[in-house]
Structure formats: C-alpha cells, structure tokens
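Below, each chain spelled out in residue letters.
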Amino acid sequence: MAKFYDALEARDQQEREAAQFAALREVLGHAKATAPYWREALAQFDCDAVTDRAALARLPVLRKSELPERQERTPPFGGLATRPAGGFRRVYLSPGPIAEPETDAPHWHFERALHAAGIGAEDVVANCFAYHMTPAGIMFDHACAGVGATVFPAGIGNTDQQVEAIERLGITAYIGTPDFLRTILEKADAKGVDTGAVKKALVTGGPLFPALRDWYAARGIAVRQCYGTAELGLIAYETTPGDGLVTSEQAIVEIVRPGTGDPVAEGEVGEVVVTTFNPAYPLIRLATGDLSAIMPGQSPCGRTAPRLRGWMGRADQTTKVRGMFVHPAQVARTVKPYPEIGRARLVVRETEGRDSLTLEVESAQQGDGLAQRLGEALRAECRLRGEVVFHPPGSLPNDGKVIDDQRDIAV
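Calculation rules
- Residues numbered from 1 in each chain as written.
- Predicted model: local features only at pLDDT ≥ 70, side-chain atom pairs only at ≥ 80, totals over all residues.
- Heavy atoms only, no water.
- Pairing = 2+ DSSP bridges.
- Helix = DSSP H or I, 4+ residues; strand = E, 2+ residues; numbered from the N terminus.
- Polar contact = N/O pair within 3.5 Å; in protein donor to acceptor, adjacent residues only side chain to side chain.
- Contact = heavy atoms within 4.5 Å.
- UniProt positions renumbered as here; feature names shortened; annotations may be inferred.
- 1 Å grid on protein atoms, 1.4 Å probe; cavity = no way out; pocket = protein on both sides within 12 Å on 5 of 7 lines; lining within 4 Å.
- Points joined across faces, edges and corners; volume = space filled by probe spheres on them.
- Nonpolar A, V, L, I, M, F, W, Y, C, P; charged D, E, K, R; others polar.

Under the annotation held in an unreviewed UniProt entry, the protein chain carries the name Phenylacetate-CoA ligase and is attributed to Limimaricola variabilis.

And the structure:
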C-alpha cells in the first residue's frame with residue numbers, strides 16, 4: 001500500500017493554504033448568490049478578499065448547536081443549502097434533530113482515514129455504523145469503495161450475527177465505535193470462534209482509551225481513530241498513535257476561543273471550527289462545540305497538514321448562577337476590550353448554599369482601576385456581581401475552560 005492516499009497529503013503548507021482558499025472563495029461566492037442564510041450572513045463581506053486565515057476569521061461563526069432551531073424555522077436545511085431537498089441524492093435526520101443532505105459526489109472524504117489505517121483493496125470490512133436515518137454507515141461505505149475494500153454492511157447490534165459474519169465472510173477489518181469491536185470479539189471468544197483474521201480497525205464516535213487500544217494490540221489488531229461529523233465529513237485522522245490527528249485536505253480547521261470566533265495561538269485549547277468546500281451544502285466556520293488544540297510541528301508520518309491533539313471535551317460550558325444563565329461568550333465579551341489580558345475564566349463556587357463568581361484573568365498590568373472596570377463589565381454583561389483576581393501571564397490552565405463550575409450541587 002502506498003504511503004499516502006495521494007500527493008496532497010505531502011504538499012507544502014503554503015501550497016495547501018493557497019489551494020484551499022482558492023476553493024473557498026468559489027464556494028463563498030456561490031453560497032452568497034444561492035443560499036438564503038449565506039446571502040444574509042455574508043452580505044457585508046467581499047468574498048474575493050478571503051485569501052487567508054486572518055480574512056476567514058472575520059467571517060461570522062455558524063454554531064452547530066443553533067442548527068436545529070434554524071432548520072425548524074426554515075426547513076429542511078435552515079437556508080444553508082444551495083438547492084432544494086429534492087435536488088439531493090439522499091437526506092438524513094441525525095440526533096438534534098439535524099437534517100443533512102448527501103450530494104451526488106459524496107463530500108465526506110473518509111478515504112484518507114481508511115488508507116492511514118491500512119485498510120484497502122485486500123480487506124473485507126465490517127461496517128458497524130447504522131445505515132438508516134443517519135449518514136454514518138453510508139459515508140464509510142462510500143469511503144471503503146474509494147479505497148477498494150469490500151464491505152459487509154453490518155450495522156449496529158446483533159453480536160451473534162456479527163460473529164458469524166467474521167467466520168463465514170473472512171472479515172479482516174472493522175469500522176465502528178471503539179468499544180463495540182471488543183463486544184463482538186468477546187462474544188466470539190465465548191462461542192469458540194476464531195477471529196484472528198481481524199487485523200485492522202478504524203474507530204470514531206467515542207473515546208479510544210489507552211487500555212482499550214492495548215487490549216486490541218494484544219490480539220494483533222492495529223486501531224486508528226478519526227474525527228468527523230455528519231455535516232462536515234472527515235475533520236482529522238490518526239496516522240501514528242500518540243502523535244495527534246492530521247487534519248483533512250478537504251477542510252480548513254481553526255481553533256477559536258470558546259464563545260467567540262477569535263483564533264487562539266498554536267497549542268492553546270479552544271473550540272474546533274471547520275470550513276469545507278461543498279458547493280451544494282456550504283458550511284463556513286461551523287463551530288462544532290468540541291475542544292482541541294493545534295499541535296506544533298509536523299506528523300512523523302510525513303503528512304504536512306496541521307494536527308489536532310484530539311478530542312478534549314466540549315466548548316459549551318453554559319451554566320446557571322443565581323437563576324441566571326451564564327455563557328462563555330459573555331465572559332469573552334467582558335474581557336475583549338482589554339488587550340492586556342491573556343486567558344480568562346469565570347470560576348463558579350458555592351459556599352453554604354450561596355453562589356460566588358470569580359473572574360480570573362492573566363495580566364501583567366493591574367493598575368488604572370482595571371479590576372474595578374472588569375468587575376463592572378462582568379456585572380453589565382452577566383447581571384451578576386463577581387470578584388476579579390489577577391494571575392501572571394501564562395499561568396492559568398491551558399484546558400479551554402472559560403467557565404469553571406466547581407460546585408458540587410446541581411443547578
């Protein structure tokens with residue numbers, strides 16, 4: 001098997017960015033001309049001027065958490081699609097509920113992840129994602145066709161039949177959630193069925209804990225992870241265990257401060273925001289709600305795209321304090337007028353039944369009444385009083401938290 005899926009994976013990063021932004025400008029222009037949502041969202045922007053990441057960061061963020069409500073107001077796709085529902089090959093309804101279309105040329109691009117997992121034309125793959133309602137099964141089915149692998153459309157559940165298929169069909173590889181393969185293999189062990197032909201796995205949809213990876217390795221199964229969503233397709237994929245996830249060639253991935261659209265520095269934890277180039281269903285700066293960080297340097301596998309550290313939690317840290325909801329965006333707006341402030345987080349505590357707020361900020365400067373101004377800004381933004389505490393630059397944890405709720409009670 002070739003080292004890379006194609007030459008794009010080893011190209012110079014400047015070449016990659018130039019090609020991606022050229023594709024993006026075409027998508028932006030088409031979206032603005034044909035999709036109601038994008039016509040309004042991009043009305044004040046010159047799409048031809050989006051030539052780099054700085055220009056991209058000025059475009060509005062579309063939050064995945066907003067899609068169900070937006071689609072309910074403007075069914076079925078919230079005004080984001082550039083054609084009606086009848087113009088798509090298939091349509092899906094994923095949990096949320098969120099409607100997703102499938103275009104004639106599948107736009108999910110999971111072939112790269114399969115190739116990196118060593119899955120190809122010599123393999124018979126048990127695809128253990130659902131084939132109905134949601135696109136997971138179909139999108140990996142398309143990817144298997146792209147790498148020449150034979151598919152057993154196994155779906156979810158039915159472990160006895162899954163075991164039978166391994167034995168009768170000569171299954172050599174698995175696609176599904178990280179833990180379901182173990183369920184199948186343990187069932188096979190109990191039935192005395194030899195599953196030694198299964199040597200490869202590509203997993204997603206849940207955490208692959210180190211102990212579980214080791215369990216598979218002890219059985220001679222090499223497991224790789226990938227990260228994607230039904231709307232966006234592949235976002236990033238593992239090539240070398242322990243060295244992060246290489247971002248897709250068909251996506252621009254940003255890490256922003258939760259609650260904003262502002263990119264953070266390399267290595268800092270923030271929310272994953274993804275832009276893809278699907279002209280039929282443009283998704284521009286879609287905030288996934290997931291936390292991650294860009295790793296420095298290049299993958300040891302030789303692929304040159306940026307790498308994510310992996311899934312690091314959820315960015316939506318909304319909480320309720322004294323009967324008021326507090327959102328990460330409010331904390332971001334409180335400190336944004338002060339460039340001397342680095343990281344900031346709102347810590348929520350409870351003592352003897354009373355909630356307290358502390359706005360902890362990194363700043364080398366504390367004079368000119370900065371604490372008082374920040375306290376007033378916090379009260380104006382959140383309608384809640386809070387104490388302001390300063391920390392040296394770089395001293396707050398790099399974990400993506402904007403709201404740190406330390407209470408033990410449910411609110």
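Here the narrative resumes.
Novice: What should I look at first to understand the sheet that holds strand β12 (residues 270–276) in this one?
Specialist: By way of backbone hydrogen bonds, the strands of a sheet pair with one another, either parallel or antiparallel. Here we have four strands laid out as an open sheet, ordered β1-β13-β12-β11, and mixed in their pairing. The sheet terminates laterally at β1 (62–63) and β11 (251–256), the two strands that pair on one side only. In terms of strand pairing, β12 meets strand β13 (residues 286–292) through four bridges, oriented antiparallel. Each bridged residue has a counterpart across the sheet, and for Val274 the counterpart in β13 is Leu286.

Novice: Looking at this structure, how should I read the side chain of Glu254?
Specialist: Relative to the assigned elements, Glu254 resides in strand β11. Polar side-chain contacts of Glu254 include one of 2.9 Å to the side chain of Arg285. Glu254 has contacts with Arg53, Leu56, Ala57, Pro263, Glu271, Val272, Val273 and Arg285, leaving out every residue within four places of it along the chain.

Novice: It is not clear to me how the UniProt feature "domain: AMP-dependent synthetase/ligase" (unreviewed entry) in the protein chain should be interpreted in this structure. Could you clarify?
Specialist: Per the UniProt record, the feature "domain: AMP-dependent synthetase/ligase" (unreviewed entry) sits at residues 139–275. Within the segment residues 139–275, helix and strand shares are 30% and 29% respectively, and the terminal C-alpha atoms sit 18 Å apart.

Novice: Sorry if this is basic, but what is going on with empty space enclosed by the protein here?
Specialist: In this approach the atoms are scanned with a rolling probe the size of a water molecule, which exposes any empty space left behind. Applying the stated criterion across every chain yields a total of three cavities of 30 Å³ or more. Volume-wise, the largest cavity comes out at about 100 Å³. Lining the largest cavity are 14 residues, with Arg257, Glu268, Arg343, Gly400 and Lys401 sitting closest to its centre. Partitioned by chemical class, the residues of the lining of the largest cavity number six nonpolar, two polar and six charged. Roughly 50 Å³ of volume is contained in the second largest cavity. Lining the second largest cavity, in full, are Ala126, Cys128, Gln162, Ile166, Ile171, Tyr174, Leu181, Ile184 and Val198. Those elements that provide at least two residues to the lining of the second largest cavity are α7 (159–169) and α8 (180–191). Its residues assigned to classes, the lining of the second largest cavity comprises eight nonpolar, one polar and no charged.

Novice: Teacher, can you tell me more about the side chain of Gln317 here?
Specialist: If you trace the backbone, Gln317 turns up in the loop between β15 (307–308) and β16 (319–321). Separated by 2.8 Å, the side chain of Gln317 and the backbone nitrogen of Ile403 make a polar contact. Excluding anything up to four places from it in sequence, Gln317 contacts Leu291, Val326, Pro328, Gly400, Lys401, Val402 and Ile403.

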